[in-house]
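A look at the structure
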Amino acid sequence: MNNEKHTEKDNLSSVVYKNDKLTLYKGDACESATFHNEFADLIITSPPYNVDINYNSHKDDLSYIEYLEFTKSWISNCFKWSKNQARFCLNIPLDKNKGGQKSVGADITKIAQDVGWKYHSTIIWNEGNISRRTAWGSWMSASAPYVIAPVELIVVLFKEEWKKTNGSKVSDIKKEEFIEWTNGLWTFNGESKKRIGHPAPFPIELPYRCIKLFSYVDDTVFDPFAGSGTILIAANNTNSYGIGLEIDEAYCDLAKQRIMNETNMLI
Ligand SMILES: C[S@@+](CC[C@H](N)C(=O)[O-])C[C@H]1O[C@@H](n2cnc3c(N)ncnc32)[C@H](O)[C@@H]1O
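Worth saying up front: this structure is predicted, and the values here are computed from it rather than measured.

**Considerations on the overall build of the protein chain**
A count of helical and extended segments in the protein chain gives seven helices and nine strands. The globule rule puts the C-alpha radius of gyration for 267 residues at 18 Å, and the 18 Å found for the protein chain is close to it. Here the C-alpha coordinates of the protein chain stretch approximately 60 × 40 × 35 Å along the principal axes. A total of 267 residues make up the protein chain; the buried ones form 38% of that total. Here the analysis covers contacts within the protein chain between residues at least 6 apart in sequence; of these, 71% occur between residues at least 24 apart.

Laid out in structure tokens, this is it:
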């Protein structure tokens, strides 16, 4: 059964929650020996963006070079932990304006390809309820204006071949969903930090769409930065197996609590 196939090294990670379909580990996505086999059919994740968010256990104000090294480390581990036909939905910023303009989306996409992931496409997530209109640069002057796009990217990659021949071969996506979601401009609101109790949760709609569109029923979906456990709730609600990895103990507890509250599972 899928949920038995991701074998972790006991000393590097610990199981904080497990049932028949979902497992949450406390551990480090940058530690390649955290798992020692290929188990993921679909990875959906939003890594730290290096925008100085106060995560309890992760320093989110690295130099850009250090951030790209961190990125390379966890993305190559994900490659190692993925099955041959795995897909990878990578939610990242388009760019960064604060503290020097950087082409973050392009740079991370290049790193992913450098470590072996193949490029498929990019979905633009038009996050309806965010305002990035705080820094105009030179107001009403061509001297140094700032252009800021209120969107994020979901870069879609795959490991060896795009066509899926393994798994249950059962897709339970509806006709209207398929038509709407294969249009690569997705518009839905971001999640409230306050409501979830985590500094950067993504809305469940994001993993929900990715799972329905890119995986079969009973596939194993994995989030190496599980945070408040959104991926595990989405996996539960879509008849998938879900694996989450999170470095911070308090967020692991939060994720456990959310699973209990939002899936009617007993812990
Ligand atoms: C952007 S948040 C992910 C939020 C998640 N998508 C959700 O909906 O709650 C990034 C998460 O990565 C965790 N993290 C940072 N470095 C990590 C590492 N090396 N290994 C595992 N988790 C890490 C942080 O503690 C944080 O919870």
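And the narrative resumes.
**With respect to the pairing of strand 3 (residues 40–45)**
Across the six residues that make up strand 3, a large majority, six, are buried. Between strand 3 and its parallel partner strand 4 (residues 82–93), the chain crosses via helix 1 (residues 64–80), and the hand of that crossover is right-handed. Note that strand 3 and strand 8 (residues 220–223) share two bridges and pair parallel. For L42, the partnering residue across the bridge sits in strand 8 and is V221.

**Here we look at helix 7 (residues 249–263)**
Compared with an ideal rise of 1.5 Å per residue, which puts 15 residues at 21 Å, helix 7 spans 21 Å between its outermost C-alpha atoms and is within 8% of the ideal. Restricting attention to buried positions, one finds in helix 7 the residues Y251, C252, A255, R258 and I259. Seen end-on, helix 7 carries its buried residues on one side only, within an arc spanning 120°. Looking at the buried positions of helix 7, the neighbouring elements they touch are strand 1 (14–18), strand 2 (22–26), helix 6 (230–237) and strand 9 (241–246).

**Describing the environment of K102**
Along the chain, K102 falls in the loop between strand 4 and helix 2 (104–114). The partly exposed category is assigned to K102, around which 17 C-beta atoms lie within 10 Å. As for K102 and N239, which are separated by 137 residues in sequence, their C-alpha atoms are 39 Å apart. Not counting residues up to four positions away in its chain, the partners in contact with K102 are Y64, D95, K96 and D107.

**Describing the packing of helix 6 against helix 7**
It is the contact of helix 6 with helix 7, at a shortest axis distance of 9 Å, that shows an interaxial angle of 30°. Comparing the axis directions of helix 6 and helix 7 gives the class roughly parallel. Relative to helix 7, the crossing made by helix 6 is right-handed. Contacts between helix 6 and helix 7 involve L232, I233 and N236 on the former and, on the latter, A255, R258, I259, E262 and T263. Residues that form the contact of helix 6 with helix 7 fall into these classes: four nonpolar, two polar and two charged.

**Section: the site of the ligand**
Taken together, 22 residues lie near the ligand, and H58, F225, G227, S228 and T230 sit nearest. Tallied by class, residues from the shell around the ligand come to twelve nonpolar, seven polar and three charged.

**Side note on the packing of helix 5 (residues 205–214) against helix 6**
Where helix 5 contacts helix 6, the axes come no closer than 9 Å and their chain directions differ by 45°. Comparing the axis directions of helix 5 and helix 6 gives the class oblique. By crossing handedness, the relation of helix 5 to helix 6 is classed as right-handed. The segment helix 5 lies against helix 6, with P207, Y208 and I211 engaging T230, I231, A234, A235 and N237. Each residue belonging to the contact of helix 5 with helix 6 can be placed in one class, and the counts come to six nonpolar, two polar and no charged.

**Focus on helix 5**
For helix 5, the buried fraction is high: seven of the ten residues fall into the buried class. For helix 5, the complete set of buried residues consists of L206, P207, Y208, R209, C210, I211 and F214. Tucked into the core, helix 5 has its buried residues touching strand 3, strand 4, helix 3 (175–181), strand 7 (185–188), strand 8 and helix 6.

Definitions and limits used
- Residues numbered from 1 in each chain as written.
- Predicted model: local features only at pLDDT ≥ 70, side-chain atom pairs only at ≥ 80, totals over all residues.
- Helix = DSSP H or I, 4+ residues; strand = E, 2+ residues; numbered from the N terminus.
- Rg over C-alpha atoms; globule rule 2.2 N^0.38 Å.
- Buried ≥ 20, exposed ≤ 12 C-beta atoms within 10 Å, placed from the backbone.
- Contact = placed C-beta atoms within 7 Å.
- Right-handed = clockwise from strand over helix to strand, strands pointing away.
- Pairing = 2+ DSSP bridges.
- Expected span 1.5 Å × (residues − 1).
- Arc of directions from axis to C-beta.
- Axes fitted to C-alpha atoms, helices over the stretch in contact; angles between N-to-C directions.
- Parallel < 35°, antiparallel > 145°, perpendicular 65-115°, else oblique.
- Left-handed = near helix turned anticlockwise from the far one by under 90°.
- Nonpolar A, V, L, I, M, F, W, Y, C, P; charged D, E, K, R; others polar.
- Near = placed C-beta within 6 Å.

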